[in-house]
Amino acid sequence: MTEHNTLAALNAPLAKAIEFIWHEAALLDNKDYAAWAQLWSEDGVYVIPIDPDTRDFASSLNYVYDDARMRALRIERLSAGHSPSAVDAARTLRTVSRFNLLESSGDVVEVTSAQLLFAYKRGVHTPMAAELTHRIRFGQGGPRLEQKVVRLINSTDSLSALGFLL
Amino acid sequence: MSSHELGLIAKSPSLDQLVQDDRVDVSLYHDPQLYEQELEKIFYRTWVWVGHESEVRNPGDFRTTTIGRRPVIVVRDKKGAINVLENRCRHRGATVCEKHKGNATGFTCPYHSWSYALDGKLRALPYPDGYEDILDKSELPLNSLRVDSYAGMIFASFNDEVEPLTDFLGGAKHWMDLFMKQGAGYPIKTQGEHKFTFNGNWKIQLENTTDGYHFPIVHKSFMSSVDEETSEMLSFMTDPQAVTHALGNGHSVMVMVPEHVDLEFDDGSEQLQERFAHVTEELSKTMEPAQVRRIVRSLHGAGFNLNLFPNVAMSMSFFRVLNPLSVKQTEIRHVALGMDGGPEIANRERLRIHEHFQGPFGFGSPDDAEAWERVQRGAEAGPQVPILVNRGLNREVLADNGDKVSHATDETGMREAYAMWKRMMSND
């Protein structure tokens, strides 16, 4: 059974979303941040919250709460070669699965999924497990991310600073 | 066995050899025996910061933490007193609370349901007939530590004979008061925290908060991500008014933004930053211009890092708390601050500023962590090559109040911390 056939068996919005999410995952593992930037809509928001329950990100302290401006600065930081942690960032490999279609209305699809990521740096493998929520608009110019929320299962505990994106 | 361990067995170097005025031995970063002594002679003996009063505002509010390896609960009891209790059941030793924070009416051990009041008293235990005549509940409270606070900062000590907190803080108290002025008339409250670990000794982080020298280098990517006004504000490298004071007892303060040392003082000459225009505009709808200026000028926090030996720094707009996990691993908490009861738009702006620099995905902390881990790894290289803390010895002067003063990029604060380290480690 090919991947194409597997996805074809799913309903169309979910299949399109999965394809998008896998594409995004590969870009992040490859640290192709220029291409990753192109996936976003202008008002898209990228969040890695700390509080496992909050939906009011603006009133909470988050790990990441990026609008377009902050996202552009973040990408610049990770790409420009001046950040010691980004220059020597961990290598990552992630799989995304256990997809669940939350909403599909008009051209907007919202999907949750489970992401298992391993980061490797200087002899140490660091696992990071998270639930992802992608809100994707499938418009004229192609799919664009409206919101991505990454809920780490250990968000309220200590993490390591490893120089990559989730 | 590494060469420095062999060296220790052959002949332990004296503390005077390990810590000199201008250098420290690399074993301070990786000797497990020294680390055990540090726990006993520093962390289990002096005043250690355990929380801020806003974190335990109401009766029953608690947060858990560790001092060295020892788990403790910081809790406000029904009478309003703050207790710091060892998080260990008096029966068989289980922790009685594993939540980071919350509100409780008491703590019940999950193993045999011994239950304790908020002040630590043993209230009840099940099936008491097996203890008739052999156990007096009044003799088995959760162990409590000495507790005192200053300017809302709660400190605890395992040492019953510890000197009064006010004496221990000494010259730092003046700066703690100045720091709290960023509340702009509102009390300071905590607004969440970032926690991360790095593979390095705790003193590498202790040094860093008083290390102005690294800022434009390690944080080049952060500096290029902020607006010109903020970048200008943090350009203290050649500013003669940017100074470090050694304050005694290991404490020190590094002034980076001299005009923001006392935020209550405003001669009106400072232009409010353009990046905060939306905040200024919103506040101006309901507030007097002077109060708007006070709040907006305080958004970046106080213009200095105050380093309190051994585990907390009041660093511009946040608290930095270090917790040694082992000789080669340290947990750092960066606690965000806001105005308790203050305008929401300004408190949110403070959260965004915190997110920008701090935490494992911030624009600053990961680069710090990278530098610190490199120190830990490099310090394994050779026991004969010391760590230098001599920067600015050529221009260190004594101020009228007795503080040693040098430039903010100098290592006067580190020398102060290591002098205290040596003093405490010399005690039996």
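Quick caveat: nothing in here was measured; it's all calculated off a predicted structure.

Draft legend 1. Representation of the UniProt feature "domain: Rieske" (unreviewed entry) in chain B in the model. Summarizing the sequence annotation, UniProt attributes the feature "domain: Rieske" (unreviewed entry) to residues 47–156 of chain B in the numbering used throughout. Between the first and last C-alpha atoms of residues 47–156 of chain B the distance is 5 Å; the span itself is 0% helix and 39% strand.

Draft legend 2. Focus on helix α4 (residues 68–79) of chain A. Helix length check: α4(A) (12 residues) gives 16 Å between terminal C-alpha atoms against 16 Å at 1.5 Å per residue, within 8%. Directly after α4(A), the chain includes A:Gly81, whose backbone phi takes a positive value near 90°.

Draft legend 3. Focus on the state of the cysteines. Residues and elements named next belong to chain B. Going through the model one piece at a time under the given rule, you end up with zero disulfides over all chains. This cysteine, Cys89, is not joined by any disulfide, and Cys109 carries the nearest cysteine sulfur, 3.9 Å off. Residue class for Cys89 comes out buried when judged on its relative accessible area of 1%. Taking relative accessible area as the criterion, Cys109 reaches 4% and is therefore assigned buried.

Draft legend 4. Structural view of the pattern of salt bridges. The final tally for this structure, using the stated rule, is 36 salt bridges over all chains. For A:Asp29, the salt bridge is made with A:Arg94, and the minimal N-O distance between the two is 2.8 Å. Of this pair, A:Asp29 sits in helix α2 (residues 12–29) while A:Arg94 sits in strand β3 (residues 91–105), and the two are 65 residues apart along the sequence. The same class applies to A:Asp29 as to A:Arg94, namely buried. Across the pair B:Glu355 and B:Arg352 runs a salt bridge whose closest N-O atoms are separated by 2.8 Å. Highlighted residues: B:Glu355 and B:Arg352, both in helix α13 (residues 344–357), separated by three residues, approximately one helical turn. The two residues B:Glu355 and B:Arg352 agree in class, both being buried.

Draft legend 5. A look at the sheet that holds strand β6 (residues 82–86) of chain B. All names here are of chain B. Taken in spatial order, the four strands line up as β6-β5-β4-β7 in an open sheet, and their pairing is antiparallel. Each edge of the open sheet carries a strand with a single partner, namely β6 and β7 (101–103). Direction aside, the axes of adjacent strands within the sheet are offset by 25° on average. Inspection of the sheet shows strand β4 (residues 61–67) paired to β7 by three bridges, in the antiparallel sense. Bridge pairing in β7 links Asp61 to Asn103.

Draft legend 6. Region of the structure containing the domain arrangement of chain B. Residue and element names in this part refer to chain B. One can read the domain layout of chain B as domain 1 (48–150) and domain 2 (171–426). Here the C-alpha centre of domain 2 lies 33 Å away from the C-alpha centre of domain 1. With 12 residues of domain 1 at the contact, the number on the domain 2 side is 18 residues. Here domain 1 packs against domain 2, burying approximately 1,300 Å² in sum over the two surfaces, 50% of which is carbon and sulfur. By the criterion of area lost to domain 2, the three top residues of domain 1 are Trp49, His52 and Tyr150, representing 50% of everything that side buries. Run the count over domain 1 and domain 2 and you get two salt bridges. For Asp340, the salt bridge goes to Arg57, with nearest N and O atoms at 2.4 Å. Counting across the interface, domain 1 meets domain 2 through five residue pairs in polar contact (both at pLDDT 80 or more). For the side of domain 1 that touches domain 2, the secondary structure elements donating two or more residues are β3 (48–52) and β4. Here the residues of the side of domain 1 that touches domain 2 are counted per class, giving three nonpolar, six polar and three charged.

Rules behind the numbers
Residues numbered from 1 in each chain as written. Chains lettered and ligands numbered in written order. Predicted model: local features only at pLDDT ≥ 70, side-chain atom pairs only at ≥ 80, totals over all residues. Heavy atoms only, no water. UniProt positions renumbered as here; feature names shortened; annotations may be inferred. Helix = DSSP H or I, 4+ residues; strand = E, 2+ residues; numbered from the N terminus. Expected span 1.5 Å × (residues − 1). Disulfide = S-S within 2.5 Å. Buried < 20%, exposed > 50% of the residue type's maximum accessible area, 1.4 Å probe, protein only. Salt bridge = Lys/Arg side-chain N within 4 Å of Asp/Glu carboxyl O. Pairing = 2+ DSSP bridges. Axes fitted to C-alpha atoms, helices over the stretch in contact; angles between N-to-C directions. Domains from an automatic or database assignment. Contact = heavy atoms within 4.5 Å. Buried area = accessible area lost by both parts, 1.4 Å probe. Polar contact = N/O pair within 3.5 Å; in protein donor to acceptor, adjacent residues only side chain to side chain. Nonpolar A, V, L, I, M, F, W, Y, C, P; charged D, E, K, R; others polar.

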